[in-house]
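For reference, the chains in residue letters:
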Amino acid sequence: MQKFNIHTVQKGESLKSISLLYNLDAGALKLFHNNHCNVKDMILIELTGQKEIFLPRTAVTDKNRLVKFGQANSLIFQPENSFSRYGVTVTIENNDHKNELKYETSVRWLKKENKLHFFEIDRTSNLYLNEEEVNEIADLLAYKTSKVLYPLQISVDEQGKFNAVESFSVFKERWAAVKEEVYKEFEGETVDTYCEKIEKIIDEPDVISLYLKNDYFIRTLFFGVYQSFGQNYETKLMESFPVVDNPVEPKYEIKLEIDPLKGESGLVNVEGEGRLNDERSIYDFVNKAPFSMIIEDNPEMNHEGNFRIVYYLNGQNLLVKSMYLECDIQLEKKKKIAVVIAMLTE
């Protein structure tokens, strides 16, 4: 991510006039430039033919281009009264198989209570698997029966991170109508099996929580980017992601960076990269172990996995316009999840 701006020196400009233009101390400007330029372009006392001057990223004449931060350069989560529609693409690569799922969804802010924000999430389109509308009976049944979960209410903390599924009682209330619709279209043992599976799920709130905790869209949109970035506009996190089916998700060590200057389109850019940082070995993950099978005082950490995330936030309300998350882990072969979310316009 770019760490500086560049000023093209005009005829007659001096170190002092340039510093005044950007409201900077001349000495601080000289020091910043000298720390970023080639040796031959360093400023000793005054300009001596330099064509470009390196400036701090926040040194701009148009202050509207600066990102509005809170204390300690914190990104503030303010979703009140928001409603957005998103297109979602989830790509799952496992061994030699690759599947791509596409759909549209809406996200509506409901309320704030006890430092938690509550949202309603609804599926607003059919599902498309590998560019074709889902039509296999098993896939159709999975889609039809999953309607009992939507609209879905979730809670999110003040950092924009998914907290929990809410209002479990509504699933039971919806099930009779959903089941009736399913049996109007399908019949046979497969239908009975799916319906029995859903009935078991909605009778167990903990099972629903675990099922929806693994929803890639929810976990990506509400990953928790609203952090304090400090004076260097970066921060380090230890976060998990459901790249594998395990009650204890793999942990990744991630460095997040934010550009304090909005882009030409007025969007705020946040990028993060990291790697797996978990005590469990490849063998442990393959066998779905929630903890390392080998107990050691100083365990060797498993770093066989990568993480990347990119945000483009609305420059005014700092809500997601588009984002990309990519997460992988080495099992017997690499497993990789990629999620693309893009705001839809009417």
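Please refer to the structure placed before this passage.
Every residue gets a number counted from 1 within its own chain, in the order that chain's sequence is written. Side-chain atom pairs in this predicted model are given and counted only at pLDDT of 80 or more, local residue features only at pLDDT of at least 70, and totals for whole chains, interfaces and linings cover all residues. Only heavy atoms go into the side-chain values, all of them from the structure, while hydrogens and water stay out.

Asks: Help me out: how do you make sense of the environment of Ile309 in this one?
Replies: Structurally, Ile309 can be placed in strand S13 (residues 306-314). Expressed as a C-alpha distance, the spacing of Ile309 and Met323, which sit 14 residues apart in the sequence, is 7.4 Å. The contact rule is simple, with two residues in contact once any of their heavy atoms fall within 4.5 Å. In this structure Ile309 touches Phe223, Leu256, Val270, Glu271, Gly272, Met323, Tyr324 and Leu325, once residues within four positions along its chain are discounted. The helix and strand labels rest on DSSP assignments: H or I over at least four residues marks a helix, E over at least two residues marks a strand, and numbering proceeds from the N terminus.

Asks: When you look at the pattern of salt bridges in this model, what are you seeing that I'm missing?
Replies: When their charged atoms lie close together, side chains carrying opposite charge are able to pair. What makes a salt bridge here is a side-chain nitrogen of Lys or Arg within 4 Å of a carboxyl oxygen of Asp or Glu, nothing more. Enumeration according to the criterion identifies 22 salt bridges in this entry. Several salt bridges converge on common partners, so that one network encompasses Lys3, Glu234, Lys255 and Glu257.

Asks: What should I look at first to understand the side chain of Thr91 in this one?
Replies: On the secondary structure map, Thr91 appears in strand S3 (residues 83-94). Here Thr91 falls in the buried class, since its relative accessible area comes to 12%. Not counting residues up to four positions away in its chain, the partners in contact with Thr91 are Lys98, Asn99, Glu100, Lys336, Ile337 and Ala338. Accessibility here uses a 1.4 Å probe with only protein chains present; expressed as a share of the type maximum, an area under 20% marks a residue as buried, one over 50% as exposed, and anything in between as partly exposed.

Asks: What's the story with a negative patch on the surface in this structure? I'm lost.
Replies: Together, Glu279, Glu296, Asp297 and Glu300 give the surface a local cluster of negative charge. For Glu279, the position within the fold is in the loop between strand S12 (267-276) and helix H8 (282-286). Any residue with relative accessible area above 30% and no salt bridge may belong to a patch, with like charges joined within 9 Å and the nonpolar Val, Leu, Ile, Met, Phe, Trp and Tyr side chains within 5 Å. Residue exposure ignores everything except the shown protein chains as possible cover, and the areas themselves are Shrake-Rupley values with a 1.4 Å probe. Charge assignment: positive for Lys and Arg, negative for Asp and Glu; neither His nor the chain ends contribute. A single reference atom marks each charge: NZ on Lys, CZ on Arg, CG on Asp, CD on Glu.

Asks: Before we go on, may I ask you to explain unusual backbone geometry in this structure?
Replies: With the exception of glycine, most residues fall at negative phi, and the peptide bonds are largely trans. Note that the residue after Tyr150, namely Pro151, is joined by a cis bond; omega there is 0°. Along the chain, Pro151 falls in the loop between helix H3 (137-146) and strand S8 (152-156). Backbone geometry places Asn114, a non-glycine residue, at a positive phi of 50°. On the secondary structure map, Asn114 appears in the loop between strand S4 (97-113) and strand S5 (116-123).

Asks: What is the right way to read the packing of aromatic side chains from this model?
Replies: Aromatic rings in a pair are described by how distant their centres are and how their planes are angled relative to each other. Geometry of aromatic contacts follows a simple scheme: Phe, Tyr and Trp rings, the Trp one being its six-membered ring, pair when their centres are within 6.5 Å, and the pair is stacked under 30 degrees between planes, edge-to-face over 60, tilted otherwise. With the rule as written, the count across this model stands at 11 aromatic pairs. Ring geometry for Tyr86 versus Phe217: centroids 6.4 Å apart, planes at 55°, classification tilted. Taken as a pair, Tyr86 in strand S3 and Phe217 in helix H7 (residues 216-221) lie far apart in primary sequence, 131 residues in all. What makes Phe217 buried here is its relative accessible area of 2%. Both rings, one in Phe223 and one in Phe307, keep their centres 5.4 Å apart while their planes meet at 25°; by these two values the pair is stacked. With Phe223 in the loop between H7 and strand S10 (234-240) and Phe307 in strand S13, this residue pair connects regions lying 84 residues apart in the sequence. Residue Phe223 shares its accessibility class with Phe307, and that shared class is buried. Through pairs of rings, three or more aromatic residues link up here, namely Tyr216, Phe223, Phe241, Tyr252 and Phe307. The ring of Tyr103 is capped by Arg123, whose NZ or CZ atom sits 4.4 Å from the centre of that ring. The ring of Tyr194 is capped by Lys197, whose NZ or CZ atom sits 5.1 Å from the centre of that ring. When the NZ atom of lysine or the CZ atom of arginine is within 6 Å of a ring's centre and also within 35 degrees of its normal, the charge is said to sit over that ring.

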